[in-house]
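A look at the structure
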Amino acid sequence: MDAPVRRIYLDYAATSPVDADVASVVSAEAARAFGNASSVHSYGREAKAVLERSRETIARCIGAEPGEVFFTSGGTEADNHALIGTAFAARRKTGKSHLIVSSIEHHAVLHCADYLASLGFTVSVAPAGADGRVNPADVEALITPATCLISVMHVNNEIGTIQPVAEIGAAAHAHGVLFHTDAVQAVGKIPVDVRTLNADLLSITAHKIYGPKGIGAIVIRRGTDVDALMHGGSQERKQRAGTENVPLIAGFARAVERAVNSMDESRMRAGAMKQRLVRNVCDAIDGVILNGDQERTVPSILSLSLDGARYAIDGETLLINMDLRGIAVSSGSACTSGSVQPSHVLQAMGRESRDALLTLRFSFGTPTTMDDVDAAADAFIDIAARAARR
Ligand SMILES: Cc1ncc(COP(=O)(O)O)c(C=O)c1O
């Protein structure tokens, strides 16, 4: 019998396992602080105390005030809240109905923008360069007197590029426009401070940093007009009705705290892993393209493509072959209407379809070892070598 394949997870930008310490916080609070945080009795007060302590912890880690943190079901809801909530409030109060998003945003932002367009809002899409970065001047050039919101992500989830968000936020403010940044892939990877980023709204989630899935937050800076998406009780100061999930929120706070406290070390480790993977692969095979400006990319994400002129394989086969060898990574493509297309991010960077379809994203996490990196590189090299055109 064949030996079982050793499985190696290198898809931490998709999600991460829950850290043992975080899991113990969640289960302890599920048993202890089970009361409804809105109840007046001691059980409610106990839950409320955990809720508010968690809010304070998260706020401290990202330079916000506790009263500016509103819990949501994750990054998607936070992005929806930022775009739809701001657009609705702005149109009602000021008549402004134009939004600007970048072409490399997560679908949680892009599809919200599409939805708003279907409701009569106008949306402009700021381009990205071949380096995977958005130029603040390109965003500023799209501002009109009707612009109410600009949304540009902090770190791109597919290629890891760090966007010049502080500059974009400053340009937004210079024109009296609100600025939202999706910092889902940034927290715990690079310093995130809502004040220095000039963000009025900022989205975060727990499951990318060893916290539980289904919990995140939207930061809404004081004085920012945003409509609620959920209507019902007066939880989260009427921004988000519904009984708060206190155990998950406590776990989220622990995850953020741990990620921020260990950020320097994880960056160094991930940097060494990325360097090793790039060196192993580039020393062994030709026609490897690194996606995104590598000087301005988080070390935990490496997106690379194979030159389609040199390799006779498609991206899906590449991904499946990696999986057969136990290596879990992501591809740079998406199945849209039954056909495989390069991801919107690679398309926005102007990448040729042929290479863009041959893209894999490796993302490293705390449990990743150099052995894992070497095994992933070996598998990739072997699969590519077999597919090399002669
Ligand atoms: C940049 C970015 N924004 C938003 C999301 C959505 O977050 P969630 O899965 O918590 O809804 C993700 C997750 O893939 C992401 O990478």
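Below: a short report on this structure.

**Describing the pattern of salt bridges**
Under the counting rule described, the total for this entry stands at 22 salt bridges. We note a salt bridge from aspartate 21 to arginine 258, for which the minimum N-O separation is 2.8 Å. On the criterion of sequence distance, the pair formed by aspartate 21 in helix H1 (residues 20–32) and arginine 258 in helix H7 (residues 246–261) is long-range, its members being 237 residues apart. Note on aspartate 21: relative accessible area 23%, which makes it partly exposed. For arginine 258, a relative accessible area of 37% corresponds to the partly exposed category. With its nearest N and O atoms 2.7 Å apart, the salt bridge here joins aspartate 382 to arginine 325. Of this pair, aspartate 382 sits in helix H12 (residues 370–387) while arginine 325 sits in the loop between helix H9 (315–324) and strand E11 (327–328), and the two are 57 residues apart along the sequence. Take aspartate 382: its relative accessible area is 25%, and that puts it in the partly exposed class.

**Points about the side chain of aspartate 200**
Here aspartate 200 is to be found in the loop between strand E6 (178–182) and strand E7 (201–205). A distance of 2.7 Å separates polar atoms of two side chains, one belonging to aspartate 200 and the other to histidine 173. If we ignore the near neighbours within four places in the chain, the residues touching aspartate 200 are His173, Val177, Leu178, Phe179, Val219, Ile220, Arg221 and Thr224.

Here is what the cut-offs are and how they apply
- Residues numbered from 1 in each chain as written.
- Predicted model: local features only at pLDDT ≥ 70, side-chain atom pairs only at ≥ 80, totals over all residues.
- Heavy atoms only, no water.
- Salt bridge = Lys/Arg side-chain N within 4 Å of Asp/Glu carboxyl O.
- Helix = DSSP H or I, 4+ residues; strand = E, 2+ residues; numbered from the N terminus.
- Buried < 20%, exposed > 50% of the residue type's maximum accessible area, 1.4 Å probe, protein only.
- Polar contact = N/O pair within 3.5 Å; in protein donor to acceptor, adjacent residues only side chain to side chain.
- Contact = heavy atoms within 4.5 Å.

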